[in-house]
Amino acid sequence: MITPDFAAYAVGADVHLHQHMPSEELVRRVEEIMTKIALECVRSGADLIGHIKCVVETKGKGFLAVSVVDESGAPHTKGKLEDGIEEMELIVNVLLYGLKRSKIQEIVDPILLRELAFPGAHLTIEDLEKHEHSHCEGDHDHEHGHDHEHGHEH
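Residues numbered from 1 in each chain as written. Predicted model: local features only at pLDDT ≥ 70, side-chain atom pairs only at ≥ 80, totals over all residues. Heavy atoms only, no water.

Caption draft 1: Region of interest: the environment of Ile 52. Tracing the sequence through the fold places Ile 52 in strand 2 (residues 48-58). When its relative accessible area of 0% is taken as the criterion, Ile 52 is described as buried. Sequence separation of Ile 52 and Ser 67 is 15 residues, and the distance between their C-alpha atoms is 5.7 Å. Excluding anything up to four places from it in sequence, Ile 52 contacts Met 34, Ile 37, Ala 38, Val 66, Ser 67, Val 68, Asn 93 and Val 94. (Helix = DSSP H or I, 4+ residues; strand = E, 2+ residues; numbered from the N terminus. Buried < 20%, exposed > 50% of the residue type's maximum accessible area, 1.4 Å probe, protein only. Contact = heavy atoms within 4.5 Å.)

Right, here's the structure in full:
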C-alpha cells in the first residue's frame, strides 16, 4: 500500500552565464542534478518517486526537459539546447512519497546551488509556492510579477 505522505516541491533557478559554457556541458550538468536529487531523496527515505522533473527555458537557445521517474535515478531527456546561452531558467518539480516537503527542499536547494555555480555565473533560486518574496535584483526585464503559474494541477 502506498503511504499517504505525499509531498511536492517546486523551485525555480535563474542562471545568468557570464562565461561561455558548451550546451553539451549544460545538458550533462542538468541530467546529473536530477540524478543526484533522486538518489538523495531515496537515500533519505522516499518510498516512491512520483516524478522529478526539470524544465530548462532559454531566450531563443532551445528548451530542455529532464525527468527521473524511479529510484534508479536514470534521467530521460527531451529537447535541445544550443550553444551561446547567456541566461536560462530552470523549474524543478519533485513529487514523491515518504519525505516531508521541508526535507525535499533541504535536499534540492543545496544541490542546485552547488551544481549551477558555474564560473562567473549569477544564480538565484526561489521557492515557487511562496510568492510573497522575490529575488529580482534589478537585472531582469520582467514587466509582470507572475511569469508562469506552476503547481495548479488538479
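After that view, the rundown keeps rolling.
Caption draft 2: Local environment of helix 2 (residues 101-115). Taking 1.5 Å per residue, 15 residues should reach 21 Å; helix 2 reaches 21 Å between its end C-alpha atoms and fits that length. By the burial criterion, the buried members of helix 2 are Ile 104, Ile 107, Val 108, Asp 109, Ile 111, Leu 112 and Glu 115. Against strand 1 (6-16), helix 1 (23-43), strand 5 (87-97) and strand 6 (122-127) lie the buried residues of helix 2. (Expected span 1.5 Å × (residues − 1).)

Caption draft 3: Fine view of helix 1. For helix 1, spanning 21 residues, the distance from its first C-alpha to its last is 30 Å, which sits close to the expected 30 Å at 1.5 Å a residue. Taken together, the buried positions of helix 1 are occupied by Ser 23, Leu 26, Val 27, Arg 29, Val 30, Ile 33, Met 34, Thr 35, Ile 37, Ala 38 and Cys 41. The inward-facing, buried residues of helix 1 contact strand 2, strand 3 (62-68), strand 4 (76-81), strand 5 and helix 2. Downstream of helix 1 by one or two residues, Gly 45 has phi in the positive range, about 115 degrees.

Caption draft 4: Region of the structure containing the sheet that holds strand 6. Spatial strand order, 4-3-2-5-1-6: six strands in an open sheet with antiparallel pairing. Edge positions in the sheet fall to strand 4 and strand 6, since each of these pairs with one other strand and no more. Across the sheet, the axes of successive neighbouring strands diverge by a mean angle of 15 degrees, strand direction being ignored. For strand 1 and strand 5, the ladder comprises 11 bridges, and the chain directions are antiparallel. Paired with Ala 8 across the strands is Leu 95, a residue of strand 5. Across the sheet, helix 1 is in contact with strand 2, strand 3, strand 4 and strand 5; its angle to strand 2 comes to roughly 155 degrees. On the sheet, helix 2 packs against strand 1, strand 5 and strand 6 and is oriented at approximately 20 degrees with respect to strand 1. (Pairing = 2+ DSSP bridges. Axes fitted to C-alpha atoms, helices over the stretch in contact; angles between N-to-C directions.)

Just distances and angles here, no functional claims.
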